[in-house]
Every structure is written in C-alpha cells, then in structure tokens.
Amino acid sequence: MLPLSPLRKASSPSFSPREFRASLAMFATGVTIVTARTPAGVLVGLTANSFNSVSLNPPLVLWSLSQSASSMAALSTGSHYAINILSASQKELAERFASRYEDRWTDVAFTEGASGAPLLTGSAATFECFNRSRYEEGDHVIFVGEVERCSHQAGAAPLLYHGGRFYTEHPL
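Student: Go over the overall build of the protein chain with me, naming the residues and quoting the values.
Tutor: Along its length, the protein chain carries three helices and twelve strands. In terms of overall size, the protein chain behaves like a compact globule, its C-alpha atoms giving a radius of gyration of 17 Å where 172 residues would be expected to give roughly 16 Å. When the backbone C-alpha atoms are referred to their principal axes, the protein chain occupies close to 50 × 35 × 35 Å. Of the contacts formed within the protein chain by residues at least 6 apart in sequence, a portion of 63% connects residues at least 24 apart. A total accessible area of about 11200 Å² is found for the protein chain, and carbon and sulfur atoms account for 56% of it. Of the charged side chains in the protein chain, 13 are positive and 14 negative, and the gap between their average positions amounts to 7 Å.

What follows is the structure in structure tokens.
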C-alpha cells in the first residue's frame, strides 16, 4: 500500500463562477428527481442531475444538494429516499421539480416505494435508497445511498440535460 502524501491546498481559481458554470454545462447528463416522504407524510421532491454510481458491492449511488435547499432538512434526516431517472417523456416534470412551483405534486402519478418514498410513474429507472452517509463539501452535501431496490424500463429513452437545456431526442 502506498503511503498517503501530505495534504496540499489547491491554488485559487483562475476563472469566474460564471465560467465555471458554463464549463460544467458542457457535460451532458441524465436527469433525476429525488423523492422522499417526511415522518409527517409530506412529499419532498427535487430535480437533480448530480447522480452517479459509486459501487456494485454494496450497491451505492450518490447525488448532491445545495446546503441552502429548502428540502435539505427532510432529505438529510430521513432514513430513505428514491432516485427516479427520468425518461424523455418527463421533461415537464423535470422543469416543475426544478422550479419554485407551489405544489409540485399536483396531478403527479406515482406509486409508494417500500420505504414510503414516491416512485414516479413513467421513469426510465428507480432506485430506492437507504440514506447511508452524507458529506459536506463546499456549498453542497453529497448523499450516498445504499440501494435496497431498483427497477428499470428496458428501452426507455432518457431525458438529457446539456448547456442549460433539456433534450428529449437523441441522434445516437
């Protein structure tokens, strides 16, 4: 095993926050909606594209959330949440859950997962996760979820996000 080198500090950024955001936007990603239910039964949901696999054994995934998000308290203290990977037909849902829409859940079709987290009807895939760990980094919290159940729709076209826009058609 290699010895750990002493921690060094990064140099100051040579770019503006605007340039950083524009550069990040060049990475095409899938789109998810993270959902949960509070102990009081209140539904929580938000659009996120910061989703990634971590490990196959145990099955782990991660996503991140701004520390200032209104849903932070519910998601950081709850035991479970679901990650719904959106299909191309769910663009409007992604926009709704990304906005400050008053009642995001009006007329949203879902089933209840084993832990109570909503599983959005029509999603390309769903992951029901135990809220395993959280790491504060910068202005976000990284959530690591241990996947207890998952499902997918074979052949479902994904919703993509690139350059600040959603894409439903993919010339692949």
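Student: Lay out the sheet that holds strand β10 (residues 140-152) with the relevant residues and their values.
Tutor: Reading across the sheet, the seven strands line up as β3-β2-β6-β9-β10-β5-β4 and stay open at both edges, with antiparallel pairing between neighbours. A single partner strand is all that each edge strand has here, and the edge strands are β3 (43-48) and β4 (52-55). Across the sheet, the mean angle separating the axes of adjacent strands is 35° when strand polarity is ignored. Pairing geometry for strand β2 (residues 32-37) and β3, over six bridges, is antiparallel. Bridging from a neighbouring strand, A36 pairs with V44 of β3. Across the sheet, helix α3 (residues 91-98) touches β2 and β3, and the angle it forms with β3 is around 110°.

Student: Hey, could you go over the pairing of strand β9 (residues 125-137) for me, with residue numbers and the actual values?
Tutor: Judged from the six bridges that link them, strand β6 (residues 80-85) and β9 form a sheet pairing that is antiparallel. When the sheet's bridge partners are listed, A82 is paired in β9 with E128. As paired elements, β9 and β10 share twelve bridges and run antiparallel to each other. In the sheet register, Y135 faces β10, and the bridge partner there is I142.

Student: Describe the packing of aromatic side chains, and please don't skip the residues or the numbers.
Tutor: When we look at a pair of aromatic rings, we describe it by the centre distance and by the angle of the planes. Following the criterion strictly, the structure yields eight aromatic pairs and no others. Between Y81 and F143, the aromatic rings sit 6.3 Å apart at their centres with planes inclined by 90°, giving edge-to-face as the arrangement. Pair noted here: Y81 is in strand β6 and F143 is in strand β10, with a separation of 62 residues, a long-range link. On the basis of an interplanar angle of 85° and a centroid distance of 5.0 Å, the ring pair of F97 and W105 is categorised as edge-to-face. Among the aromatic side chains, those forming a connected cluster through ring pairs are W63, Y81 and F143.

Student: Account for the side chain of T35, naming residues and giving values.
Tutor: In this fold, T35 is placed in strand β2. Among the polar contacts listed, one links the side chain of T35 to the backbone oxygen of P118, at a separation of 2.5 Å. Excluding residues that lie within four positions of it along the chain, T35 makes contacts with V44, G45, Y81, A82, N84, W105, A117, P118 and L120.

Student: So what's going on with the pattern of salt bridges? Which residues, and what values?
Tutor: Opposite charge on two side chains lets them pair, provided their charged atoms get close. Per the stated rule, a full pass over the model turns up five salt bridges. Here R149 ties to E128 by a salt bridge, and the two come within 3.5 Å at their closest N and O atoms. Taken together, the residues R149 in strand β10 and E128 in strand β9 connect sequence positions 21 residues apart. We note a salt bridge from E146 to R132, for which the minimum N-O separation is 2.9 Å. One end of the pair, E146, is in strand β10; the other, R132, is in strand β9, with 14 residues separating them in the sequence. By relative accessible area, which is 41% here, R132 ends up partly exposed. Three or more residues are tied together by salt bridges with common partners; here these are E128, E148 and R149.

Parameters and conventions
Residues numbered from 1 in each chain as written. Predicted model: local features only at pLDDT ≥ 70, side-chain atom pairs only at ≥ 80, totals over all residues. Heavy atoms only, no water. Helix = DSSP H or I, 4+ residues; strand = E, 2+ residues; numbered from the N terminus. Rg over C-alpha atoms; globule rule 2.2 N^0.38 Å. Contact = heavy atoms within 4.5 Å. Areas by Shrake-Rupley, 256 points an atom, 1.4 Å probe, with all protein chains shown as cover. Lys, Arg positive; Asp, Glu negative; His and termini not counted. Charge placed at Lys NZ, Arg CZ, Asp CG, Glu CD. Pairing = 2+ DSSP bridges. Axes fitted to C-alpha atoms, helices over the stretch in contact; angles between N-to-C directions. Phe/Tyr/Trp six-rings, centres within 6.5 Å; stacked < 30°, edge-to-face > 60°. Polar contact = N/O pair within 3.5 Å; in protein donor to acceptor, adjacent residues only side chain to side chain. Salt bridge = Lys/Arg side-chain N within 4 Å of Asp/Glu carboxyl O. Buried < 20%, exposed > 50% of the residue type's maximum accessible area, 1.4 Å probe, protein only.

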